[in-house]
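Read off the chains here:
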Amino acid sequence: MARLYHVPLSPFCRKVRLTLGEKRVELELVEERYWDPSQDFMRRNPAGKVPILRYNGTHLSESQAICEYLDDVIPSPPLVPKSADARYEMRRLCTWFDDKFHSEVTANLVYERVNKKISGQGYPDSARIKAGSARIKFHLDYMDWLLGQRRWLAGNDMTLADFTAAAHLSSLDYINDVDWKRSATVHEWYSKIKSRPAFRTLLADQIPGFQPPAHYADLDF
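Residues numbered from 1 in each chain as written. Predicted model: local features only at pLDDT ≥ 70, side-chain atom pairs only at ≥ 80, totals over all residues. Heavy atoms only, no water.

## Notes on the nonpolar core
Then step 1. Of all hydrophobic cores here, the largest spans 61 residues; its most connected members are Leu53, Met143, Leu153, Leu169, Leu172 and Trp189.
Then step 2. Sort the elements by how many residues they give to this core and helix 4 (residues 84-119) lands first, with 10 residues.
Then step 3. Beyond its immediate stretch of four places on either side in the chain, Met143 contacts Phe97, Leu153, Ala165, Leu169, Val186 and Trp189.
Then step 4. Judged by nonpolar contacts, the second largest core, of 6 residues, contains Tyr5, Val7, Cys13 and Ile52. (Core = buried A, V, L, I, M, F, W, Y, C linked by side-chain atoms within 4.5 Å. Buried < 20%, exposed > 50% of the residue type's maximum accessible area, 1.4 Å probe, protein only. Helix = DSSP H or I, 4+ residues; strand = E, 2+ residues; numbered from the N terminus. Contact = heavy atoms within 4.5 Å.)

## With respect to the packing of aromatic side chains
Then step 1. Counting across every chain of the model gives 12 aromatic pairs.
Then step 2. Where Trp96 meets Phe138, the ring centres are 6.2 Å apart and the plane angle is 35°; that geometry is what we call tilted. Of this pair, Trp96 sits in helix 4 while Phe138 sits in helix 5 (residues 126-149); the two residues are 42 residues apart in sequence, bridging distant segments of the chain.
Then step 3. Its relative accessible area of 18% is what places Trp96 among the buried residues. (Phe/Tyr/Trp six-rings, centres within 6.5 Å; stacked < 30°, edge-to-face > 60°.)

## Section: helix 4
Then step 1. Its 36 residues place the ends of helix 4 only 41 Å apart at the C-alpha level, less than the 52 Å of an ideal helix rising 1.5 Å per residue.
Then step 2. Of all the bends found along helix 4, the most pronounced is centred on His102 and spans about 75°.
Then step 3. Looking one or two residues past helix 4, Gly120 carries a phi angle of roughly 65°, positive in sign. (Expected span 1.5 Å × (residues − 1). Bend = angle between axes of the 7 residues up to and from the residue.)

## Notes on the packing of helix 4 against helix 6 (residues 160-174)
Then step 1. Interhelical geometry of helix 4 versus helix 6 gives an angle of 5° and a closest axis separation of 9 Å. It follows from the interaxial angle that helix 4 and helix 6 lie roughly parallel. Contact residues: helix 4 offers Met90, Leu93, Cys94, Phe97, Asp98, Phe101, His102, Val105, Thr106, Leu109 and Val110, while helix 6 offers Leu160, Ala161, Thr164, Ala165, His168, Leu169, Ser171 and Leu172.
Then step 2. Within the contact of helix 4 with helix 6, the residues separate by chemical class into 13 nonpolar, 5 polar and 1 charged. (Axes fitted to C-alpha atoms, helices over the stretch in contact; angles between N-to-C directions. Parallel < 35°, antiparallel > 145°, perpendicular 65-115°, else oblique. Nonpolar A, V, L, I, M, F, W, Y, C, P; charged D, E, K, R; others polar.)

## A short note on the pattern of salt bridges
Then step 1. Evaluation of the coordinates by the stated rule reveals 18 salt bridges.
Then step 2. We note a salt bridge from Lys49 to Glu62, for which the minimum N-O separation is 3.0 Å. With Lys49 in the loop between helix 2 (39-44) and strand 3 (52-55) and Glu62 in the loop between strand 4 (58-61) and helix 3 (63-73), this pair connects stretches of sequence that are 13 residues apart.
Then step 3. The partner of Lys116 in a salt bridge is Glu112, and the shortest N-O contact between them spans 3.0 Å. Of the two residues, Lys116 and Glu112 both sit in helix 4, 4 residues apart, roughly one turn of that helix.
Then step 4. Residue classification places Glu112 among the buried positions, given a relative accessible area of 2%. (Salt bridge = Lys/Arg side-chain N within 4 Å of Asp/Glu carboxyl O.)

## Structural notes on the packing of helix 1 (residues 11-22) against helix 4
Then step 1. Taken N-terminus to C-terminus, the directions of helix 1 and helix 4 make an angle of 130°; their axes are 12 Å apart at the nearest point. Judged by the inter-axis angle, helix 1 sits oblique to helix 4. Contacts between helix 1 and helix 4 involve Pro11, Phe12 and Lys15 from the first element and Asp98, His102 and Thr106 from the second.
Then step 2. Within the contact of helix 1 with helix 4, the residues separate by chemical class into 2 nonpolar, 2 polar and 2 charged.

## Describing the environment of Tyr34
Then step 1. Topologically, Tyr34 is positioned in the loop between strand 2 (27-31) and helix 2.
Then step 2. Residue classification places Tyr34 among the partly exposed residues on the basis of a relative accessible area of 27%.
Then step 3. Along the sequence, Tyr34 and Lys23 sit 11 residues apart, while their C-alpha atoms lie 26 Å from each other.
Then step 4. Excluding its chain neighbours within four sequence positions, the residues that come into contact with Tyr34 are Val7, Phe41, Gly48, Val50 and Asn115.

Given below as structure tokens:
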């Protein structure tokens, strides 16, 4: 059985969970207090970050590297395109969400509203929350534009780009910070992702002290 050291609302951990679920890998989840790292944690990943996946006796780190590794060793169903152009577009969008979207939106909303409280790092910064709430509109509009050109974010097939975006949006949806009425196209795309069996464990997450909105686990939201 694979073991994932994770934080439930981390989009990087959620991306790995979605990939493992899509590949039908049996998984044990272990929550990790990365803000108060143990010696064992630092031995698993000297960078002091989650996710860390123990797979076939080896500890793997960095979500994108983990997911592409899993696609190499478990090629079906494929999440990484075969053509160079399609792989480029997938990786570009994975970086878009893990870098730009994360710094502008996820870190400003999930970190401020949830992570600070859980890790005892003080009160939410209202300026950062305001900035994240404003910036997500741009990203939803960009996704709407992408999905107007193609069936999935990176092309006509579902890829890691879709799981990367869904991982971030699912974390934000848990704290009710996504305006699904802004784009019917994005809403439909997320509904398709959310209905996949790989998404079930994410929808079952419960963060002590934080109750998700009623629509969070509703497939017909």
